[in-house]
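Remarks on the overall topology
So you can see what is in the structure, the chains are spelled out below.
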Amino acid sequence: MSETKPYGMTTPCAKCPFRTNIPAYLRAERVEEIRAGLVRGEFPCHNTTESREDDEGYDTRVETKDSIHCAGALILLEKIQEPSQMMRIAERLGMYDASQLDMDAPVFDDWDEMIEAQPR
C-alpha cells in the first residue's frame, strides 16, 4: 500500500510515539487525548503535519491535506481489536487494508502499557 494514501502507512516512523523501542516522550494526559480522539477521528503521523504557532504562542502540529494516518496508532488499535470508526469507514471504501500493517513492529500492546511508559 502506498504511503501517499491517507491510510497507506504500514509501519511506524522512527520517532512514532507508539513505538516501544524508543524513549517515551509524551505526557500520560496526551496519550489519553489521543486515545479519546481516535474513537471517531484520526491521528496523523507527525512527519506529515506542519508546525504552526497556536493562539497562545506555542508550537503545535497541524494536519494538512497530505497528512497520512499514523501507522503506530493503526497497529495498536488493531492489536486491541478496536479499530476506530474512521478505520472501519476507510476499510469499506477500499482506502485501508489492515492486513498490510507491520504487526511485528515495536508498538505498545495496549493503551495502559503506553500510558505507563510515559515519563512522570
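Now for a description of the structure that goes with this document. Computed from a predicted structure; not experimentally measured.

1. A short note on the packing of aromatic side chains
By the definition in use, this model includes 3 aromatic pairs. Here Phe18 and Phe43 contribute two aromatic rings whose centre-to-centre distance is 5.9 Å and whose plane-to-plane angle is 70°, an arrangement assigned as edge-to-face. You can see Phe18 sitting in the segment before helix H1 (28-37) and its partner Phe43 sitting in the loop between H1 and strand S1 (49-53), a full 25 residues away along the chain. Of the residues examined, Phe43 reaches a relative accessible area of 15% and is grouped as buried. By way of ring pairs, the aromatic residues Phe18, Phe43 and Trp111 are connected into one cluster.

2. Here's the deal with the layout of surface pockets
In this model, the largest pocket occupies a volume close to 480 Å³. Mapped by element, the contributors of at least two residues to the lining of the largest pocket are H1 and strand S2 (59-63). Ranked by residue count, the leading element in the lining of the largest pocket is S2, at 5 residues. Of the residues contributing to the lining of the largest pocket, the split by class is 11 nonpolar, 3 polar and 5 charged.

3. With respect to the side chain of Ser67
Summarising the element assignment, Ser67 is placed in the loop between S2 and helix H2 (71-79). Looking at Ser67, its side chain comes within polar contact range of the main-chain oxygen of Thr48, at 2.6 Å. Once residues lying within four places of it in the same chain are set aside, the contact partners of Ser67 are Pro6, Pro44, Thr48 and Thr49.

4. Re the pairing of S1
Relative to S2, S1 runs antiparallel, the two being bridged by 5 bridges. Looking at the pairing, Thr49 lines up with Glu63 of S2. Once S1 ends, the chain turns through 5 residues before running back antiparallel as S2, passing Gly57 with a positive phi of about 90°.

5. Comments concerning the pattern of salt bridges
Between side chains of opposite charge, pairing is possible as soon as their charged atoms come close. All chains considered together, the criterion is met by 7 salt bridges. Put simply, Glu33 and Arg30 hold a salt bridge, and the shortest N to O gap is 3.2 Å. With a gap of 3 residues between them, Glu33 and Arg30 both fall in helix H1, about one helical turn apart. Exposure remark for Arg30: the relative accessible area of 29% places this residue in the partly exposed category. Linking Glu116 and Arg120 is a salt bridge whose minimum nitrogen-to-oxygen distance equals 2.8 Å. Comparing Glu116 with Arg120 shows no difference in burial state: the two are exposed.

6. Structural notes on unusual backbone geometry
Excluding glycine, a negative phi dihedral is what most residues carry, and trans is how most peptide bonds are arranged. The residue Gln81 is not glycine, and still its phi comes out positive at about 55°. Assignment of secondary structure puts Gln81 in the loop between H2 and helix H3 (85-92). On the accessibility criterion, Gln81 (69% relative accessible area) is exposed.

Conventions adopted
All residue numbers refer to position in the chain's written sequence, counted from 1. In keeping with the model being predicted, local features are shown solely for residues with a pLDDT of at least 70 and side-chain atom pairs are shown and tallied solely at 80 or more, while totals for entire chains, interfaces and linings include all residues. Only hydrogens and water are set aside; all other atoms, that is, all heavy atoms of the structure, feed into the side-chain values. Classification of ring pairs uses Phe, Tyr and Trp, with its six-membered ring standing for Trp, and accepts pairs whose centres are within 6.5 Å; under 30 degrees between planes counts as stacked, over 60 as edge-to-face, and the remaining range as tilted. Numbering of helices and strands starts at the N terminus; helices are DSSP runs of H or I of at least 4 residues and strands are runs of E of at least 2. Each residue's exposure class comes from its accessible area (1.4 Å probe, protein chains only) as a fraction of the maximum for that residue type: buried when under 20%, exposed when over 50%, partly exposed otherwise. A cavity, in this analysis, means grid points on a 1 Å lattice covering only the protein atoms where a 1.4 Å probe fits yet has no way out; a pocket is instead an open set bounded by protein on both sides within 12 Å along at least five of seven lines, and a residue lines either one if it has an atom within 4 Å of a point. Grid points are joined across faces, edges and corners, and a volume is the space filled by probe spheres set on the points. Each residue gets one label: Ala, Val, Leu, Ile, Met, Phe, Trp, Tyr, Cys and Pro are nonpolar, Asp, Glu, Lys and Arg are charged, and the others, such as Gly, are polar. For this analysis, a polar contact is any N or O atom pair within 3.5 Å, provided that within protein one partner can donate a hydrogen and the other can accept it, and provided that sequence-adjacent residues contribute only side-chain to side-chain pairs. The contact definition used throughout considers only heavy atoms, calling two residues in contact when any of these lie within 4.5 Å. Two strands make a pair as long as DSSP finds a minimum of two bridges between them. Salt bridge criterion: a side-chain nitrogen from Lys or Arg within 4 Å of a carboxyl oxygen from Asp or Glu.

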